[in-house]
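# Descriptive analysis of the structure
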Amino acid sequence: MLQTYRALLLSALVALGSGCAHEVVLLEPSTPVSQATEAPEPPAYPLGLTVSVLPGAFDRCRLQPRGVLERFAAALREARLFQGILFPVPADVQTTWEIEIVAADSAYEPDSNLWKAIIATAILPAAFFVKLQNDYTLELEALLLENRVVVGSYRGEARIRHRYGQYANRSTIDAEGVEIAVRAATEGVLARMRADLERIRKIVLSR
């Protein structure tokens, strides 16, 4: 009898865990940052420039600009494409070279979530096994400006899919998803910027 009780208790705990579990999956054409085995090599000679990182249009994005720019500036410093990165930018400081970040995002939730939620509510044990999902897309564009004139434009996109149980913590899921999406979209931007570095170097040397 005791063994039966323990088995039932273990089954209940496993079911409860599956009802709370979640995962975030990167979809194509996202840059698979989380799957990368090593970071790209920084250039042998970073551009001898100090660039300011500034917010551009965020009216089509639900994320706070400050958080996106903080993550972008940190990744840009680590990439060592430029000699200096200025962020946050003091109100009384203006640099010749700037990187302006434009962002847009969108979310999609399939109709199947509705009937899955109905089933999970109507049949209580089903709540521990039903998996809901939604998709989120983040697009970042970095405009490289010299004296407010666009010299280069670099785009990165991240598409992620949340899969979660009925009782999963949505705040935790959303926070994890945003972190992964910003990282992947930023890496897409930096990969294109890195590929264009020699062209920018020639522009700088011609001045």
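Residues numbered from 1 in each chain as written. Predicted model: local features only at pLDDT ≥ 70, side-chain atom pairs only at ≥ 80, totals over all residues. Heavy atoms only, no water.

## Some words on the overall build of the protein
- In terms of regular secondary structure, the protein is built from five helices and six strands.
- Counted from the first residue to the last, the protein has its helices and strands arranged as α-β-β-α-β-β-α-β-β-α-α.
- Taking all 207 residues of the protein together, 40% fall into the buried category.
- Here the contacts in the protein between residues at least 6 apart in sequence split such that 79% fall between residues at least 24 apart.
- As displayed, the protein offers around 12100 Å² of accessible surface, 57% of which is attributable to carbon and sulfur atoms. (Helix = DSSP H or I, 4+ residues; strand = E, 2+ residues; numbered from the N terminus. Buried < 20%, exposed > 50% of the residue type's maximum accessible area, 1.4 Å probe, protein only. Contact = heavy atoms within 4.5 Å. Areas by Shrake-Rupley, 256 points an atom, 1.4 Å probe, with all protein chains shown as cover.)

## Here's the deal with the nonpolar core
- Membership of the largest hydrophobic core comes to 43 residues, with the highest contact counts inside it found for Leu76, Phe82, Ile99 and Met193.
- Take this core: its biggest share by element is eight residues, from helix H4 (residues 170-195).
- Filtering out sequence-adjacent residues up to four positions away, Ile99 remains in contact with Val51, Ser52, Val53, Leu54, Phe72, Leu76, Phe82, Ala142, Leu143, Leu144 and Met193.
- Among the nonpolar cores identified, the runner-up in size contains five residues, and Val130, Leu132, Tyr164 and Ala168 belong to it. (Core = buried A, V, L, I, M, F, W, Y, C linked by side-chain atoms within 4.5 Å.)

## Some remarks on the sheet that holds strand S6 (residues 149-165)
- Strand order in the open sheet made by the six strands is S1-S6-S5-S4-S2-S3, with mixed pairing throughout. The open sheet has two edge strands with one neighbour each: strand S1 (22-27) and strand S3 (82-86). Each neighbouring strand pair of the sheet contributes to a mean axis angle of 25°, computed without reference to strand direction.
- As judged from the six bridges shared by S1 and S6, these two strands associate in the antiparallel manner. (Pairing = 2+ DSSP bridges. Axes fitted to C-alpha atoms, helices over the stretch in contact; angles between N-to-C directions.)

## Section: the confidence of the model for the protein
- Across the protein, pLDDT averages 82, with 76% of residues at or above 70.
- Ranking the elements of the protein by mean pLDDT puts helix H1 (residues 2-20) last, at 42, and helix H2 (residues 65-79) first, at 97.
- For the stretch residues 4-19, pLDDT sits under 50, and the model shows 13 contacts to residues farther than four places along the chain or on other chains. (pLDDT = per-residue confidence, 0-100.)

## Quick notes on the side chain of Asp196
- Structurally, the position occupied by Asp196 is in the loop between H4 and helix H5 (197-206).
- A polar contact is formed between the side chain of Asp196 and the side chain of Tyr154, at a distance of 2.6 Å. (Polar contact = N/O pair within 3.5 Å; in protein donor to acceptor, adjacent residues only side chain to side chain.)

## What to know about unusual backbone geometry
- Each neighbour pair has its own omega, and for Phe87 with Pro88 the value is -5°, a cis peptide bond.
- Among the structural elements, Pro88 can be located in the loop between S3 and strand S4 (97-108).
- The phi angle at Arg80 is positive, at roughly 55°, despite the residue not being glycine.
- Tracing the chain through its elements places Arg80 in the loop between H2 and S3.

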